[in-house]
Amino acid sequence: MLKRLIPASLLLIASVLGGMAQQTILPPPGSLTTPPAAPNPLIPATPPAVAPEAPQQQPPGTPPQTGDQVKPTEISGPTDVVLDARTALILKGQSSWDDGYDNLMEAFAKLRTEATRLKLVTTSRPQSAFMSTDDFGFKYEAMIMLGAAPGTSPALSKDFSIAQSPSGKALKFTHIGAYDDIDTTYEAITAYLDEKGLKARNIFIEEYMNDPKSSEDITLEMNIYVLIE
């Protein structure tokens, strides 16, 4: 489970990942449409061809066996974006790293239930803003954007609030793969910031574009927004 730290320059991630991020450099903006001459470090290298092993003899009547197909994590970006402040239903909480994914998914379910109870119109996908971290866990604000601010102050349940989402200049990265493998993406982000000498604000946002079954589900697609000073 990823342990993210959030100092002013996002060296939070590098300190947790033990400096491993220096080995990975993201391509400059625009490289996704115009491939660079050098190999893209975000695309896992194609392993050398290996001669297939001779099939093992199976006892009569044994069904054929196939090895598990492991899909590598896909990382793309960065894209320069500007995040607008939007009215959001927010649920604050904290979690250990081991339970982080499950707790975030539970928070999103609670947000949907609260929005339905209050008859609030929600838009876009759920997001989580990581506010602070340490070796044991993190504090977060789980968010669902609202189509419009409520005309009156609704009777919110405990720990819920309605406020503006974070805004400003940001770099957008995309992670496709298991949430358990997200370290790879944050290593690449940290390396890119170091390479370009960019200073990040003490916050980053994850936007979950689909609903994976678990933290091991390789179909997860997630946007990561790093707010830049």
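Note that the structure is predicted; figures quoted are calculated from it, not measured.

## A short note on the side chain of Asp217
Moving on, step 1. Inspection of the secondary structure assignment puts Asp217 in the loop between strand S7 (200-208) and strand S8 (221-228).
Moving on, step 2. The charged side chain of Asp217 is buried without a salt bridge, its nearest counter-charge being Lys213 at 6.0 Å.
Moving on, step 3. A distance of 2.9 Å separates a polar atom in the side chain of Asp217 from the backbone nitrogen of Lys213.
Moving on, step 4. Discounting residues that sit within four places of it in the chain, Asp217 has contacts with Gly177, Ala178 and Pro212.

## So, the pairing of S8
Moving on, step 1. Burial within S8 is extensive, with seven of its eight residues counted as buried.
Moving on, step 2. Bridging between strand S6 (residues 168-176) and S8 involves seven bridges; their strand directions are antiparallel. Bridge pairing links Lys172 to Tyr225 in S8.

## Topic: helix H3 (residues 183-196)
Moving on, step 1. Along its 14 residues, H3 runs 20 Å from first to last C-alpha, staying within 8% of the 20 Å computed at 1.5 Å per residue.
Moving on, step 2. Where H3 ends, the next residue or the one after it, Gly197, has phi of about 65°, a positive value.

## A few points about the packing of aromatic side chains
Moving on, step 1. Under the criterion given, the structure shown has nine aromatic pairs.
Moving on, step 2. Consider the rings of Tyr101 and Tyr179, whose centres lie 5.2 Å apart with planes at 45°: the pair is tilted. On the criterion of sequence distance, the pair formed by Tyr101 in helix H2 (residues 100-118) and Tyr179 in the loop between S6 and H3 is long-range, its members being 78 residues apart.
Moving on, step 3. Here the aromatic rings of Phe138 and Tyr140 are separated by 5.9 Å at their centres, their planes lie at 55°, and the arrangement is tilted.
Moving on, step 4. Look at Phe138 and you get buried, because its relative accessible area is 4%.
Moving on, step 5. Feature note: the residues Trp97, Phe130, Phe138, Tyr140, Tyr186 and Phe204 constitute an aromatic cluster, connected by ring pairs.

## Observations regarding the pattern of salt bridges
Moving on, step 1. Enumeration over the complete set of coordinates arrives at six salt bridges.
Moving on, step 2. As a salt-bridge pair, Arg117 and Glu114 come within 2.9 Å of each other at their nearest N and O atoms. Placement of both Arg117 and Glu114 in helix H2 is noted, with a separation of three residues, approximately one turn of the helix.
Moving on, step 3. Judged by its relative accessible area of 47%, Arg117 is partly exposed.
Moving on, step 4. As a salt-bridge pair, Asp211 and Arg125 come within 2.8 Å of each other at their nearest N and O atoms. Of this pair, Asp211 sits in the loop between S7 and S8 while Arg125 sits in strand S3 (residues 122-133); the two residues are 86 residues apart in sequence, bridging distant segments of the chain.
Moving on, step 5. Connected through salt bridges with shared partners, the residues Arg112, Arg125 and Asp211 form a single ionic network.

## Focus: the nonpolar core
Moving on, step 1. Core analysis: the biggest nonpolar cluster contains 34 residues, and Leu104, Leu111, Tyr179 and Val226 have the highest contact counts within it.
Moving on, step 2. Mapped onto this core, the elements with two or more residues apiece are strand S2 (87-96), H2, strand S4 (137-146), S6, H3, S7 and S8.

## Comments concerning the sheet that holds S7
Moving on, step 1. In space, the eight strands of this open sheet follow the order S1-S6-S8-S7-S3-S4-S2-S5, with antiparallel pairing throughout. The open sheet has two edge strands, strand S1 (74-83) and strand S5 (160-164), and neither has a second partner. Neighbour-to-neighbour, the strand axes of the sheet open up by a mean angle of 30°, direction not taken into account.
Moving on, step 2. Pairing of S7 with S8, which is carried by six bridges, proceeds in the antiparallel orientation. Along S8, the bridge assignment pairs Ala200 with Ile228.
Moving on, step 3. The sheet strands contacting H2 are S2, S3, S4, S5 and S7, and the helix crosses S4 at an angle near 30°.
Moving on, step 4. The strands touched by H3 are S1, S6, S7 and S8; relative to S8, the strand with the most contacts, the crossing angle is about 25°.

The rules behind the values
- Residues numbered from 1 in each chain as written.
- Predicted model: local features only at pLDDT ≥ 70, side-chain atom pairs only at ≥ 80, totals over all residues.
- Heavy atoms only, no water.
- Helix = DSSP H or I, 4+ residues; strand = E, 2+ residues; numbered from the N terminus.
- Buried < 20%, exposed > 50% of the residue type's maximum accessible area, 1.4 Å probe, protein only.
- Lys, Arg positive; Asp, Glu negative; His and termini not counted.
- Salt bridge = Lys/Arg side-chain N within 4 Å of Asp/Glu carboxyl O.
- Polar contact = N/O pair within 3.5 Å; in protein donor to acceptor, adjacent residues only side chain to side chain.
- Contact = heavy atoms within 4.5 Å.
- Pairing = 2+ DSSP bridges.
- Expected span 1.5 Å × (residues − 1).
- Phe/Tyr/Trp six-rings, centres within 6.5 Å; stacked < 30°, edge-to-face > 60°.
- Core = buried A, V, L, I, M, F, W, Y, C linked by side-chain atoms within 4.5 Å.
- Axes fitted to C-alpha atoms, helices over the stretch in contact; angles between N-to-C directions.

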